[in-house]
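Structural overview
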Amino acid sequence: MATYFLWGSIGLIVLALLIGFLVGVYRGLKRSATHVLFVVASVIIAFFVTRPITDAILNVNIDYNGATMAIKDYIVQMISENLVDLSHFDSASEFIRQLPSAVASPIVFIVVMVLMFLLFEIIYLIVARISFGSKKKDFSSNKPRRIPGGLIAMAETFMFLLV
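First things first, this report covers the structure right here in the doc. (Residues numbered from 1 in each chain as written. Predicted model: local features only at pLDDT ≥ 70, side-chain atom pairs only at ≥ 80, totals over all residues. Heavy atoms only, no water.)

**Brief notes about the packing of helix 1 (residues 2–27) against helix 6 (residues 146–162)**
It is the contact of helix 1 with helix 6, at a shortest axis distance of 7 Å, that shows an interaxial angle of 140°. By the criterion of interaxial angle, the relationship of helix 1 to helix 6 is oblique. Between helix 1 and helix 6 the crossing geometry is right-handed. Of helix 6, the residues touching helix 1 (which contributes I13, A16, L17, G20, F21, G24, V25, Y26 and R27) are R146, I147, G149, G150, L151, A153, M154, E156, T157, F158 and L161. Taken together, the residues that form the contact of helix 1 with helix 6 break down as twelve nonpolar, five polar and three charged. (Axes fitted to C-alpha atoms, helices over the stretch in contact; angles between N-to-C directions. Helix = DSSP H or I, 4+ residues; strand = E, 2+ residues; numbered from the N terminus. Parallel < 35°, antiparallel > 145°, perpendicular 65-115°, else oblique. Left-handed = near helix turned anticlockwise from the far one by under 90°. Contact = heavy atoms within 4.5 Å. Nonpolar A, V, L, I, M, F, W, Y, C, P; charged D, E, K, R; others polar.)

Below you can see the structure in the form of structure tokens.
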């Protein structure tokens, strides 16, 4: 079973890289290089915005048994009540206090990264149209350099899969 999972994962990665290469061949070098800059900017912004958003979400107050408490406090309370009371151990209690943030941060990062990617994709399309004009006119006057564009887009796809 593990062998099938391994080969299936390798197949999906190769398929994604192949699609990225073909998209880069279609775009050409200038457009692929510009696109990779926008993707890197979207990932960097998502990285720096994730922590404040996660903290804001986890600090939202909810009502529980007539008392108002933050979501992160509710999660910590549920863990300590239903699992094991680790309040006597300093490192374990600190671990439980940080657990809601550790679980929520990757989820928030993925959501914010996808939203930033979509926003920056729209901005890229506008910038590419203004800077380079239509593809047909641009490629008729300038050589599109398709293979280097494909390699840049493949590297972009690999980076996106890695993140």
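And the narrative resumes.
**Section: the pairing of strand 1 (residues 61–64)**
Here strand 1 runs beside strand 2 (residues 67–70); their pairing, made up of four bridges, is antiparallel. Residue D63 lies in a different strand from strand 2, and its bridge partner there is T68. Linking strand 1 to strand 2, which pair antiparallel, is a turn of two residues; within it N65 sits at a positive phi near 55°. (Pairing = 2+ DSSP bridges.)

**So, the nonpolar core**
Judged by nonpolar contacts, V43, A46, V108, F109, V112 and M113 together constitute the single largest core of six residues. Listing elements by their share of this core, those giving two or more residues are helix 2 (29–58) and helix 4 (90–132). In this view, V112 contacts A46 and I53; residues no more than four positions away in its chain are not counted. (Core = buried A, V, L, I, M, F, W, Y, C linked by side-chain atoms within 4.5 Å. Buried < 20%, exposed > 50% of the residue type's maximum accessible area, 1.4 Å probe, protein only.)

**Things to note about helix 2**
Helical geometry note: an α-helix holds 3.6 residues per turn, so side chains three or four residues apart project in the same direction. Compared with an ideal rise of 1.5 Å per residue, which puts 30 residues at 44 Å, helix 2 spans 43 Å between its outermost C-alpha atoms and is within 8% of the ideal. Here helix 2 has its buried residues at R31, S32, T34, H35, F38, V39, S42, V43, A46, T50, T54 and L58. (Expected span 1.5 Å × (residues − 1).)

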